[in-house]
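Chain by chain, the residues:
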Amino acid sequence: MKTRSIKSLKINHFIAFIFMCMANIACHAATISTHHGFAYITNQGEDTVSVIDTALNQVVDTIKVGKAPVGIAVSTTLQRVYVSNVESQDISVIDASNNSVIDTIKIKGSPVGLALSPDSKTLYIADWFDNRILALSTAQTNIVREINVGDAPAGIMVSPDNQWLYVANRDSNDIAVIETTSLTIKKRIKVGKHPYGIFVSASGKYIVSVNVKEDTVSIINTKTNQQKKVNVGYHPYCATMSLDEKTLYVTNTQDDSVSALNIATQKTIATINVGSTPEGISLDDANQRAYIANWGSNNVSVIDTSSNKLLSNIKTGEKSRAFGQFILRR
Amino acid sequence: MKKILSLIALGLSINLVPFSASAHGPSPQKVEKSITIKADPAKVWAIVKDFGNIHSWHPGVASTKLEQKKDDNGDMATFRTLTFKDGGNVYEKLRSTDDAAMKVKYEIVTGTLPLTDYNASITVTKGENSGESTVTWVGRFYRLYKLNPPIPAGQDDETAIKAITGIFDSGLANLKKVAEDSK
């Protein structure tokens, strides 16, 4: 703990929790009243972010960011977008109201995975090479806490109750379970080989790691601590789950496809061909759409999740990755 | 051609790199090259899909050894060893051959090229005019050096991209020649 006492953090955490509940209600209301979402897609090969209006399924803006952007985190509450630039070793902060970069935060190391706490007060940053997680205050970005985790931390995500940060450590084949208040590792969960993407379901009941070198996903029930491994396509990268926690979607980078799995039966319902080398995936639940960033074909595939059919491919930029939760509501 | 061979020779000095076991950085690289060939797609596809005969059209490859073997999962798979004219080599696994899409996918298991975690595809599509084909070769890989900068010379992104660009450009140019010349 570098910056604050444990006690004040606990109080802050409680206040944060109340705010988060309020924000959740507000978000939920917004989801129902308007079906307007925006997908923010990082294009690693041209140092830009493409903004897709999910009502139009068109790119409405292209934003210049730092060098080699990969990770993304969006805050509907703050109307902010955070982008990790691996090679310029910084974070671009975008104001979603006008899609302009309003801040660039220098980071020691190579930032890749990004995640926001549900209350949007903390931005977590995975430093791929130095094997640590930085926790940044979004209100005061000079306030940084840090913790060492496993080797090559990749995907990160916070539980909906704001209590836990889950980190997929690609080279130690486990998930680190970090208590957000104390920023200490409470548990390590052994998963399949080379976990890269991670997803925490809407209620926090499931954690999913995507095990690249094993062609599997590990689905962990946080209530029972049971883990089930399910085979997917070749070299899977990222996953996302429907709001009702019934369907899991996984990008198979080297099969150029997305697997849709039934969580209850662990059976593949559909394999949907998308663009080439699909990586990041996020759902626009309100519109029953999945958005997939294709690194190889420089576009975004849109899947209708009610029929599990490919709807369209939207041209974005060179090497689209969008690693993280990338759909913001306005 | 000379440039390619010297690049391959450069790869030689780095020893055999185990491709699949190694960690890599966060920036995968991509080389994508296309060429238009005045020959029917079916004819071009027949040349491209012949996994054990790349030396018949790639000017940098001296010989190809084709093998059927069990892979890491115990499944039978097709592998080939390419020996480059300068003495370097790569050991590659065939991932898939799709006749309907006219697409072949493969990956490097080990080899002397200055890169890691390489996978690639070659696709044949109908060209703009009848009797023409477009061949597209796409490779995805990482540089050799896996840590934060400074990056040692010869192990950076640029070196890896140059090596693959050289192989693709010379290969496609000669594939065009071979396909257009043969009856």
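Residue numbers restart at each chain and count upward from 1, following the sequence in its written direction. All chains are assigned letters beginning at A, and all ligands numbers beginning at 1, according to the order in which they are written. Totals for whole chains, interfaces and linings use every residue, but because this is a predicted model, local features are given only for residues with pLDDT of at least 70 and side-chain atom pairs only at 80 or more, for both listing and counting. Side-chain calculation: all heavy atoms of the structure are included, whereas hydrogens and water are not.

### A look at the overall build of chain A
Working step 1: Of regular secondary structure, chain A possesses one helix and 29 strands.
Working step 2: Classification of residues uses two cut-offs on accessible area relative to the type maximum, computed with a 1.4 Å probe and protein chains only: under 20% is buried, over 50% is exposed, and between them is partly exposed. Looking at chain A as a whole, 61% of its 330 residues qualify as buried.
Working step 3: Contacts spanning at least 24 positions in sequence make up 42% of the contacts within chain A whose residues lie at least 6 apart.
Working step 4: Of the roughly 12300 Å² of accessible surface on chain A, a fraction of 51% belongs to carbon and sulfur atoms. For helices the rule is a DSSP run of H or I covering at least 4 residues; for strands it is a run of E covering at least 2, with both sets numbered from the N terminus onward. The criterion used for residue contact is that any of the two residues' heavy atoms lie within 4.5 Å. Accessible areas in this description were obtained via Shrake-Rupley with a 1.4 Å probe; residue shielding takes into account the shown protein chains only.

### Side note on the pairing of strand S3 (residues 61-70) of chain B
Working step 1: Of the pairings in the sheet, the one linking S3(B) to strand S4 (residues 76-84) of chain B comprises nine bridges and is antiparallel in character. Following the sheet pairing, B:Glu67 is matched in S4(B) by B:Phe79. Paired strands, as defined in this entry, are two strands with at least two bridges between them according to DSSP.

### Things to note about the pairing of strand S25 (residues 289-294) of chain A
Residue and element names in this part refer to chain A.
Working step 1: Burial analysis of S25 places five of its six residues in the buried class, the great majority of the element.
Working step 2: Pairing of strand S24 (residues 278-284) with S25 involves five bridges; the strand directions are antiparallel. Across the sheet, residue Pro278 finds its bridge partner in S25, namely Asn294.
Working step 3: Turn length for the S24-S25 hairpin, with the two strands adjacent in sequence and antiparallel, is four residues, and the turn residue Gln288 shows positive phi of about 50 degrees.
Working step 4: Judged from the six bridges that link them, S25 and strand S26 (residues 299-304) form a sheet pairing that is antiparallel. Within the sheet, the bridge partner assigned to Asn294 lies in S26 and is Asn299.
Working step 5: Once S25 ends, the chain turns through four residues before running back antiparallel as S26, passing Asn298 with a positive phi of about 55 degrees.

### A few points about the packing of aromatic side chains
Geometry of an aromatic ring pair is reported as the spacing of the ring centres plus the angle between the planes.
Residue and element names in this part refer to chain A.
Working step 1: Pairing of aromatic side chains requires ring centres within 6.5 Å, counting the rings of Phe and Tyr and the six-membered ring of Trp. Pairs whose planes differ by under 30 degrees are stacked, by over 60 edge-to-face, and all others tilted. For the coordinates displayed, the defined rule picks out nine aromatic pairs over all chains.
Working step 2: Taking 4.6 Å as the distance between ring centres and 20 degrees as the angle between the ring planes, the aromatic pair formed by Tyr196 and Phe323 counts as stacked. Note that Tyr196 is positioned in strand S16 (residues 195-200) and Phe323 in strand S28 (residues 323-325), a separation of 127 residues in sequence.
Working step 3: Overall, Tyr196 belongs to the buried group, its relative accessible area being 5%.
Working step 4: Taking relative accessible area as the criterion, Phe323 reaches 6% and is therefore assigned buried.
Working step 5: One aromatic cluster is present, formed by Trp128, Tyr196, Tyr237 and Phe323 through successive ring pairs.
Working step 6: The residue whose ring lies beneath Arg330 is Phe38, and the NZ or CZ to ring-centre distance is 4.0 Å. Only when the NZ atom of a Lys or the CZ atom of an Arg is both within 6 Å of the ring centre and within 35 degrees of the ring normal do we say a charge sits over the ring.

### Focus: the interface of chain B and chain A
Interfaces are frequently sized by the accessible area removed from exposure as the parts join.
Working step 1: Between chain B and chain A, the residue contacts involve 24 residues of the former and 28 residues of the latter.
Working step 2: Salt bridges are defined as contacts in which a side-chain nitrogen from Lys or Arg sits within 4 Å of a carboxyl oxygen from Asp or Glu. At the junction of chain B and chain A, the tally comes to five salt bridges.
Working step 3: Across the pair B:Asp117 and A:Lys213 runs a salt bridge whose closest N-O atoms are separated by 3.7 Å.
Working step 4: Two N or O atoms count as a polar contact when they lie within 3.5 Å, although within protein this holds only if one can serve as hydrogen donor and the other as acceptor, and sequence-adjacent residues are included solely when both atoms are side-chain atoms. Across the contact surface, chain B and chain A share 13 residue pairs in polar contact (both at pLDDT 80 or more).
Working step 5: Looking at the side of chain B that touches chain A, the elements that each hand over two or more residues are strand S2 (29-37), strand S6 (103-111), strand S7 (116-126) and strand S8 (133-142) of chain B.
Working step 6: Each residue receives one of three labels: charged for Asp, Glu, Lys and Arg, nonpolar for Ala, Val, Leu, Ile, Met, Phe, Trp, Tyr, Cys and Pro, and polar for the others, Gly being one of them. Its residues assigned to classes, the side of chain B that touches chain A comprises six nonpolar, eight polar and 10 charged.

### Focus: the sheet that holds strand S9 (residues 122-127) of chain A
All names here are of chain A.
Working step 1: Spatial strand order, S8-S9-S10-S11: four strands in an open sheet with antiparallel pairing. Two strands lie at the open edges of the sheet, namely strand S8 (111-116) and strand S11 (144-148), each paired on one side alone. Each adjacent strand pair in this sheet contributes to an overall mean axis angle of 20 degrees, direction not counted. With axes taken as lines fitted to C-alpha atoms, and helix axes fitted only over the stretch in contact, angles between N-to-C directions fall between 0 and 180 degrees.

### Observations regarding the sheet that holds strand S1 (residues 37-43) of chain A
Residue and element names in this part refer to chain A.
Working step 1: Spatially, S3-S2-S1-S29 is the arrangement adopted by the four strands of the open sheet, whose pairing is antiparallel. The outermost strands of the open sheet, each flanked by one partner alone, are strand S3 (58-64) and strand S29 (327-329). Here the strands of the sheet are splayed against their neighbours by 25 degrees on average, with no regard to which way each runs.
Working step 2: Two elements, S1 and S29, share three bridges in a ladder whose sense is antiparallel. Bridged to Gly37 within S29 is Arg329.

### Notes on the pattern of salt bridges
Residues and elements named next belong to chain A.
Working step 1: Within this structure, the stated rule accounts for 24 salt bridges over all chains.
Working step 2: Residues Asp174 and Arg188 are paired through a salt bridge, measuring 3.4 Å at the closest nitrogen-oxygen approach. Placement of the pair is Asp174 in strand S14 (residues 174-179) and Arg188 in strand S15 (residues 184-190), with a sequence separation of 14 residues.
Working step 3: Of the residues examined, Asp174 reaches a relative accessible area of 7% and is grouped as buried.
Working step 4: A network of salt bridges, in which partner residues are shared, links Asp127, Arg132 and Glu146.

### A few points about the confidence of the model for chain B
Residues and elements named next belong to chain B.
Working step 1: Looking at chain B, the pLDDT average stands at 87 and 85% of residues meet or exceed 70.
Working step 2: A score from 0 to 100, pLDDT tells how confident the predictor is in each residue. Segment residues 1-23: pLDDT under 50, and 57 contacts once partners within four positions in sequence are set aside and those in other chains are kept.
Working step 3: With a pTM of 0.85, the predicted complex shows an ipTM of 0.77.

### Quick notes on the environment of B:Asn129
Working step 1: Within the secondary structure, B:Asn129 is located in the loop between S7 and S8.
Working step 2: Since its relative accessible area comes to 45%, B:Asn129 is described here as partly exposed.

### So, empty space enclosed by the protein
All names here are of chain B.
Working step 1: Detection works on a 1 Å grid of protein atoms alone, calling trapped sets that fit a 1.4 Å probe cavities and calling open sets with protein on both sides within 12 Å along at least five of seven lines pockets, with lining residues defined by an atom within 4 Å of a point. Grid points are joined across faces, edges and corners, and a volume is the space filled by probe spheres set on the points. Using the criterion set out here, one finds two cavities of 30 Å³ or more in the structure.
Working step 2: Within this model, the largest cavity holds a volume of roughly 120 Å³.
Working step 3: In terms of lining, the largest cavity is formed by 16 residues, of which the most central are Leu82, Glu92, Tyr106, Trp137 and Ile167.
Working step 4: When contributions to the lining of the largest cavity are tallied by element, the ones reaching two or more residues are S4, strand S5 (89-98), S6 and helix H3 (157-181).

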